[in-house]
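Descriptive structure summary
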Amino acid sequence: MSRHVVARVDEITPGACKIVTVKGREIGIFRVNDEFFALVNRCPHQGAQLCKGALVSGVDSPGPGEYSLTRPGEMLRCPWHCWEFDIRTGQSWCDPDSVRARTYAVEVEPGATLAKGPYKAETLPVSVDQDYVVITV
Amino acid sequence: MLPLGVRPIDCDVHVSLPDTRTLLPYLDEYWREHLIRRGIDRDSLELTSYPSNAPLTCRPDWRPSQGHLGSQFEQLRDHVLEPFQTQFAICNVLHGSQIMFSEDLSAAMCRAINDWIAAEFLDRDTRLRASIVVPLHSPELAAAEVERRATDRRFVQVLMLAMTEMPLGKRQHWPIYAAAERHDLPIGIHAGSSFRHPPSSLGWPSYYIEDYVSQAPGFSGVLNSLVAEGVFNRFPRLKVVLIESGVTWLPAHFWRIDKTWRAVRYETPWVKRRPSEIIREHVRLTVQPFDAPPTAAQVQMIIDEIGSDEMLLFSTDYPHWHFEGADAIPNGLPDECLSKMLVSNALATYPRLS
């Protein structure tokens with residue numbers, strides 16, 4: 001496991017996604033409000049680029065004809081077959097135990113800390129007056 | 001052949017009115033005169049889905065030399081109850097009364113049919129049970145008839161048709177389901193249409209084969225509607241019996257509806273489990289016709305794919321013509337499945353049989 005600096009905090013706006021390549025893997029970095037999440041850019045169903053799907057909300061219901069939105073913007077809908085994945089856990093809505101996308105730990109670190117290392121920031125210059133998204137892969 | 005010594009529960013036998021005049025003594029004085037003035041008593045009001053002369057409508061050796069087929073108790077006794085050693089037989093009447101445009105006339109005639117079958121069949125043999133016939137296009141009056149009939153426990157289910165004005169899951173039908181659930185009555189959905197719409201959404205067909213084969217996709221649509229509209233969420237104790245639906249189309253339907261649910265389940269967020277699981281829990285099917293594949297091994301595969309040995313209910317579908325002699329069981333059914341199908345599945349489905 002190693003930690004990788006993959007984005008400046010201010011380059012991913014809320015609701016947006018930046019796709020990075022770390023250790024040969026494409027990973028989508030999502031921002032929901034001020035929280036960041038990282039998922040592999042590959043749907044466990046048939047291999048679509050999962051992170052290019054839409055961020056939608058959870059939809060729940062106590063009974064027929066009753067609708068409620070839950071967890072705004074925290075479900076990722078695969079662009080191919082519209083399966084929904086929980087952006088926090090990678091679990092699919094329909095088969096949470098057996099179909100899940102790989103997730104990675106994400107932290108926000110100030111540049112001043114990062115400058116001390118030992119982080120891998122192969123492609124991203126680090127400035128001490130910015131905050132950065134760091135994932136563990 | 002049925003295993004020796006087993007007294008099966010036959011979940012679909014047809015009883016028909018000898019003619020519409022038969023109902024006159026069972027109508028109140030207003031409706032009796034109404035029928036006579038309009039000459040309705042002289043119409044057969046036979047459902048188009050089962051024309052008398054269609055070969056499938058009556059097995060040749062069961063076709064009566066005189067009188068309307070399936071209308072005589074003695075024939076039902078001699079053709080079904082005695083040879084099959086039937087424990088119970090559930091009688092289903094299919095008649096134009098169920099689908100009339102006039103809701104009040106429909107309700108009056110359905111009431112009369114229920115009174116008639118109680119007097120002319122149920123009172124004559126303790127092995128007989130019946131489905132409650134209701135005005136299908138008038139859910140409030142249908143529910144009222146269910147309430148009225150529910151005190152007689154020889155009526156064990158409510159009879160509907162697969163293809164009527166609205167898909168059966170629609171909320172307009174829910175008063176019927178509420179009454180049925182309240183009184184431990186499954187909803188029996190029989191093949192057939194009130195022909196408000198073509199039996200296939202492609203338009204009107206030309207030939208009988210098109211109509212009859214189109215029943216199976218009609219039933220698929222019924223299942224889609226019941227699940228998607230949330231009928232089983234709202235009525236969690238409700239059981240539905242597909243009657244004369246055919247059986248072997250079901251696994252492919254499971255695969256398709258489950259796959260599609262994964263993509264669009266957010267439209268119906270109350271559907272929180274795979275539709276196939278919901279259907280396995282709530283829906284049962286009578287086994288004539290089964291639409292069996294050619295080999296026993298293929299039948300076994302279909303049973304495996306259905307994934308439950310509790311869904312199938314024995315039926316002869318008397319007098320409809322699906323098999324010869326007493327050969328009412330598809331070859332290849334595993335023993336455990338067969339045993340449940342003949343008796344215990346019916347007892348679990350119809351609380352009023354116990």
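These figures come from a predicted structure and were not determined experimentally.

**Thoughts on the overall build of chain B**
- A tally of regular secondary structure across chain B gives 12 helices and eight strands.
- Looking at chain B alone, contacts between residues at least 24 apart form 82% of all its contacts between residues at least 6 apart.

**Some words on the overall build of chain A**
- A count of helices and strands for chain A gives one helix and nine strands.
- The secondary structure elements of chain A, listed N-terminal to C-terminal, are β-β-β-β-β-β-β-β-α-β.
- With 137 residues in all, chain A has 28% of them scored as buried.
- The long-range share in chain A, meaning contacts at least 24 apart out of those at least 6 apart in sequence, stands at 46%.

**Remarks on the environment of T21 of chain A**
- By the element assignment, T21 of chain A lies in strand β2 (residues 17-22).
- Distance in space between the C-alpha atoms of T21 of chain A and V40 of chain A is 9.8 Å, their sequence separation being 19 residues.

**Some thoughts on the UniProt feature "domain: Rieske" (unreviewed entry) in chain A**
- Mapped onto the present numbering, the UniProt feature "domain: Rieske" (unreviewed entry) falls on residues 4-115 of chain A.
- Helix and strand shares over residues 4-115 of chain A are 4% and 47% respectively, and the end C-alpha atoms of the span are 13 Å apart.

**Some words on the pairing of strand β4 (residues 155-163) of chain B**
All names here are of chain B.
- In terms of residue burial, β4 counts as a mostly covered element, since nine of its nine residues are buried.
- In this sheet, β4 lies alongside strand β3 (residues 128-133) in parallel orientation, the contact comprising four bridges. Paired with I132 across the bridge in β4 is V158.
- You can see the chain leave β3, run along helix α4 (residues 139-149) and come back into β4, and the turn it takes is right-handed.
- Examined bridge by bridge, β4 and strand β5 (residues 187-193) share five bridges and lie parallel to one another.

**Points about the nonpolar core**
- Ranked by size, the top nonpolar core spans 104 residues in total, and within it C91, V134, V146, V158, I176, I189 and L313 of chain B carry the most contacts.
- For this core, the element with the most residues is β4 of chain B, which contributes eight residues.
- Here V146 of chain B is in contact with I132, V134, V158, I176, A179, A180, H183 and L185 of chain B, once residues within four sequence places are set aside.
- I29, L39, F85 and I87 of chain A belong to the second-largest nonpolar core, a separate cluster that totals 29 residues.

**Details of the environment of H4 of chain A**
- Within the secondary structure layout, H4 of chain A lies in strand β1 (residues 3-8).
- As a C-alpha pair, H4 of chain A and V22 of chain A span 18 residues in sequence and 7.7 Å in three-dimensional space.

**What about the interface of chain B and chain A?**
- Counting residues at the interface gives 11 residues for chain B, matched by 10 residues for chain A.
- Listing elements by their share of the side of chain B that touches chain A, those giving two or more residues are α8 (231-234) and α9 (250-264) of chain B.
- Counting residues per element, the side of chain B that touches chain A draws most heavily on α9 of chain B, at three residues.
- Residue composition of the side of chain B that touches chain A, by class: five nonpolar, two polar and four charged.

**As for the packing of helix α3 (residues 103-120) of chain B against α4 of chain B**
Residue and element names in this part refer to chain B.
- At a minimum axis distance of 10 Å, the contact between α3 and α4 shows a crossing angle of 20°. The angle between α3 and α4 falls in the class roughly parallel. Handedness of the crossing formed by α3 with α4: right-handed. Every residue of α4 that contacts α3 at E103, A107, C110, R111 and N114 is listed here: L141, E145 and R149.

**Some thoughts on the sheet that holds strand β5 (residues 54-60) of chain A**
Residue and element names in this part refer to chain A.
- Taken together, three strands build an open sheet; the order of strands is β5-β6-β7 and the sheet is antiparallel. Each edge of the open sheet carries a strand with a single partner, namely β5 and β7 (84-86). Neighbour-to-neighbour, the strand axes of the sheet open up by a mean angle of 60°, direction not taken into account.
- Here three bridges tie strand β6 (residues 68-77) to β7, and the two strands are oriented antiparallel to one another. What sits directly across from M75, in β7, is D86.

**Examining unusual backbone geometry**
- Following Q288 of chain B, the chain continues into P289 of chain B via a peptide bond in cis, with omega recorded as -5°.
- Among the secondary structure elements, P289 of chain B is positioned in the loop between β7 (283-286) and α11 (296-306).
- Of note, the bond from Y318 of chain B into P319 of chain B is cis; its omega dihedral lies within 30 degrees of zero at 0°.
- Its location among the elements puts P319 of chain B in the loop between β8 (312-313) and α12 (335-349).
- A positive phi angle, close to 50°, is found at K23 of chain A, a residue other than glycine.

**Details of the UniProt feature "domain: Amidohydrolase-related" (unreviewed entry) in chain B**
- Look at the UniProt record and you will see "domain: Amidohydrolase-related" (unreviewed entry) annotated at residues 9-351 of chain B.
- Annotation note: span residues 9-351 of chain B, helix share 38%, strand share 13%, distance between end C-alpha atoms 13 Å.

Reading the values: rules and limits
- Residues numbered from 1 in each chain as written.
- Chains lettered and ligands numbered in written order.
- Predicted model: local features only at pLDDT ≥ 70, side-chain atom pairs only at ≥ 80, totals over all residues.
- Helix = DSSP H or I, 4+ residues; strand = E, 2+ residues; numbered from the N terminus.
- Contact = placed C-beta atoms within 7 Å.
- Buried ≥ 20, exposed ≤ 12 C-beta atoms within 10 Å, placed from the backbone.
- UniProt positions renumbered as here; feature names shortened; annotations may be inferred.
- Pairing = 2+ DSSP bridges.
- Right-handed = clockwise from strand over helix to strand, strands pointing away.
- Core = buried A, V, L, I, M, F, W, Y, C linked by C-beta atoms within 7 Å.
- Nonpolar A, V, L, I, M, F, W, Y, C, P; charged D, E, K, R; others polar.
- Axes fitted to C-alpha atoms, helices over the stretch in contact; angles between N-to-C directions.
- Parallel < 35°, antiparallel > 145°, perpendicular 65-115°, else oblique.
- Left-handed = near helix turned anticlockwise from the far one by under 90°.

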